Amino acid sequence: MEKAIIIGVNLLHADRREVEESLDELALLAETAGAQVVRRVVQERGRLDPAFYIGQGKASHLASEAESLNVDLIIFDDDLSPAQVRNLERVTKVKIVDRSGLILDIFARRARSKEAKIQVELAQLQYLLPRLTRQWSHLSRQVGGIGVRGPGETQLEVDRRQVQNRITNLRRALNRIEKSRKTQRKRRSSMFRVALVGYTNSGKSTLLNRLSEVPSAYVGNRLFATLDPMTRVIDLSSHQRALLTDTVGFIKKLPPHLIASFHSTLEEAVESDVLLHVVDAFRPRFEEQIITVENILDGLQMAEKPTILVLNKSDLVTNLKSLSRIQERYPGGIFTSALNGWGIDKLRGAITGLLRQHRVEVRLRIPLRETQLLSWVHRVGDILSEVCQDNEVLIQAHLNQRDANKLSEAVRV
Ligand SMILES: Nc1nc2c(ncn2[C@@H]2O[C@H](COP(=O)(O)OP(=O)(O)OP(=O)(O)O)[C@@H](O)[C@H]2O)c(=O)[nH]1
Ligand SMILES: [Mg+2]
């Protein structure tokens, strides 16, 4: 196990609690990456130092601490510039990893599918590109371990041009995957699509398993358990069905490269009709996680989508006062426990409600010989009434707005 010091900076007038909470999360991330946190430091500063981030004096102090504690790396809670990393490594003589580097490392270890591996490698290379300079030789990067693992690792020694070529190739490969996903989606386009989004570890995959009743999604009490999207058919009330997609979780200060690379994974959510924003309502100050997720959704142009706020893990909220406070603050939210099934029927009902809003009623007059069109309407729509008249069928049905738009004016009544 690598030993690590974690450090965060509290700027003047900033909220100390926020820095501490961010450090708690960083500690969890560090442990997820396989490090043992032997010391945590919060430095109070008036402003950030462009050369050393924490200032040269503090850097020297850290250096002696690192030596006496025999640590392998120092992890910063914020992103550092390539120059800051170089300067800090020179002074402290240990590996310096920033928050983005750490998150990328965890993603690299978690990636299983071809798509996830490509996406992570792409993000890693984009992150490394500005850091690839001759001055790297001051510290042997071949040591391996946290921050330098994963598919991007082998690229460290090659020059920038090669990295850039690799980035181009990876982008192409991702485009191909994105295209084939698009065709898959088209094939099932008539179904109502629901996507799970939310902070990592909030219970999205557990909820997918609960709603689809064929437990197949991986659930884990760790950060970023899910990297690959998974879609399942779920039954709603009154024989309605929908597609539910589970996807990668979000976290504070998620590296922008990573969001960009995971575009094809997130596409499933981007193209959905409705979002279920899953929240771990047991976490103190989960409101901040809601804001983080909303900001990321905003960046993905998903803020306007109809969204159901799912207040999950409510089995753990045993304090009635807290429950009513949360309900007051989020009146539209639905309390659930994906673990024991509480509130799941209510959630199904809420999804059905949105599905109904999403459907429009159409009246059609279709010639009997148009057998393909007739069977398509039966497949994608809910038939309310159907009458044969001469060589035509008069149909009254509920369709998705999307499907209704596909019908030509000629068959509309
Ligand atoms: N007590 C309780 N635990 C839950 C509930 N839902 C999920 N969990 C637990 O929370 C942990 C995380 O669950 P996941 O379903 O993997 O969370 P996720 O949102 O998919 O996480 P990522 O894939 O990492 O983004 C697991 O240990 C679950 O058993 C719940 O309603 N109540
Ligand atoms: Mg998951």
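On a predicted model such as this, the values are computed, not experimentally measured, just so you know. (Residues numbered from 1 in each chain as written. Chains lettered and ligands numbered in written order. Predicted model: local features only at pLDDT ≥ 70, side-chain atom pairs only at ≥ 80, totals over all residues.)

### Comments concerning the site of ligand 1
For step 1, the next point in the chain: Near ligand 1 lie 23 residues; those nearest to it are Gly203, Ser205, Asn221, Thr226 and Gly249.
For step 2, the next point in the chain: No other element matches helix H7 (residues 204-212), which puts 3 residues into the shell around ligand 1.
For step 3, the next point in the chain: Within the shell around ligand 1, the residues separate by chemical class into 7 nonpolar, 13 polar and 3 charged. (Near = placed C-beta within 6 Å. Helix = DSSP H or I, 4+ residues; strand = E, 2+ residues; numbered from the N terminus. Nonpolar A, V, L, I, M, F, W, Y, C, P; charged D, E, K, R; others polar.)

### Concerning the sheet that holds strand E3 (residues 73-76)
For step 1, the next point in the chain: Pairing within the open sheet is parallel, and its 4 strands lie in the order E2-E1-E3-E4. The strands lining the two open edges of the sheet, one partner per strand, are strand E2 (35-45) and strand E4 (95-98). Across the sheet, the mean angle from the axis of one strand to that of its neighbour is 25°, orientation sign disregarded.
For step 2, the next point in the chain: As paired strands, strand E1 (residues 2-11) and E3 are joined by 4 bridges and run parallel to one another. Each residue of the ladder has a partner; that of Ile7, found in E3, is Phe76.
For step 3, the next point in the chain: On the sheet, helix H3 (residues 82-92) packs against E3 and E4 and is oriented at approximately 145° with respect to E4. (Pairing = 2+ DSSP bridges. Axes fitted to C-alpha atoms, helices over the stretch in contact; angles between N-to-C directions. Contact = placed C-beta atoms within 7 Å.)

### Points about the environment of Ala63
For step 1, the next point in the chain: Tracing the sequence through the fold places Ala63 in helix H2 (residues 56-69).
For step 2, the next point in the chain: Ala63 gets classed as partly exposed once you count the C-beta atoms within 10 Å, which come to 17.
For step 3, the next point in the chain: Put simply, Ala63 and Leu88 are 25 residues apart on the chain and 8.9 Å apart in space, counted from C-alpha to C-alpha.
For step 4, the next point in the chain: The residues contacting Ala63, other than those within four sequence positions of it, are Val91, Thr92 and Lys93. (Buried ≥ 20, exposed ≤ 12 C-beta atoms within 10 Å, placed from the backbone.)

### Examining the environment of Glu386
For step 1, the next point in the chain: Mapped onto the fold, Glu386 is located in strand E12 (residues 382-389).
For step 2, the next point in the chain: Expressed as a C-alpha distance, the spacing of Glu386 and Arg99, which sit 287 residues apart in the sequence, is 61 Å.
For step 3, the next point in the chain: With sequence-adjacent residues up to four places away left out, Glu386 is seen in contact with Val393 and Ile395.

### Examining the nonpolar core
Across soluble globular proteins, nonpolar side chains show a tendency to be buried alongside one another.
For step 1, the next point in the chain: Ranked by internal contacts, the top residues of the largest apolar core, which has 87 residues, are Ile74, Ile75 and Phe107.
For step 2, the next point in the chain: In terms of residues, this core owes the most to one element, helix H5 (residues 114-128), which gives 8 residues.
For step 3, the next point in the chain: When residues of this core are sorted by domain, at least three fall in each of domain 1 (2-103) and domain 2 (190-356).
For step 4, the next point in the chain: What Ile75 contacts, discounting residues up to four positions off in sequence, is Ala4, Ile6, Leu26, Ala30, Val97 and Leu102.
For step 5, the next point in the chain: Membership of the second largest hydrophobic core comes to 5 residues, among which are Val377, Ile395, Ala397 and Leu399. (Core = buried A, V, L, I, M, F, W, Y, C linked by C-beta atoms within 7 Å. Domains from an automatic or database assignment.)

### Focus on the domain arrangement of the protein
For step 1, the next point in the chain: Each assigned domain of the protein is listed with its residue range as follows: domain 1 (2-103), domain 2 (190-356) and domain 3 (359-411).
For step 2, the next point in the chain: On a C-alpha basis, the centroid separation for the pair domain 1 and domain 3 is 63 Å.

### With respect to the confidence of the model for the protein
For step 1, the next point in the chain: Within the protein, residue pLDDT values average 87, and 92% of them lie at 70 or more.
For step 2, the next point in the chain: This model gives residues 134-141 a pLDDT under 50, and the stretch forms 7 contacts once residues within four places in sequence are excluded. (pLDDT = per-residue confidence, 0-100.)

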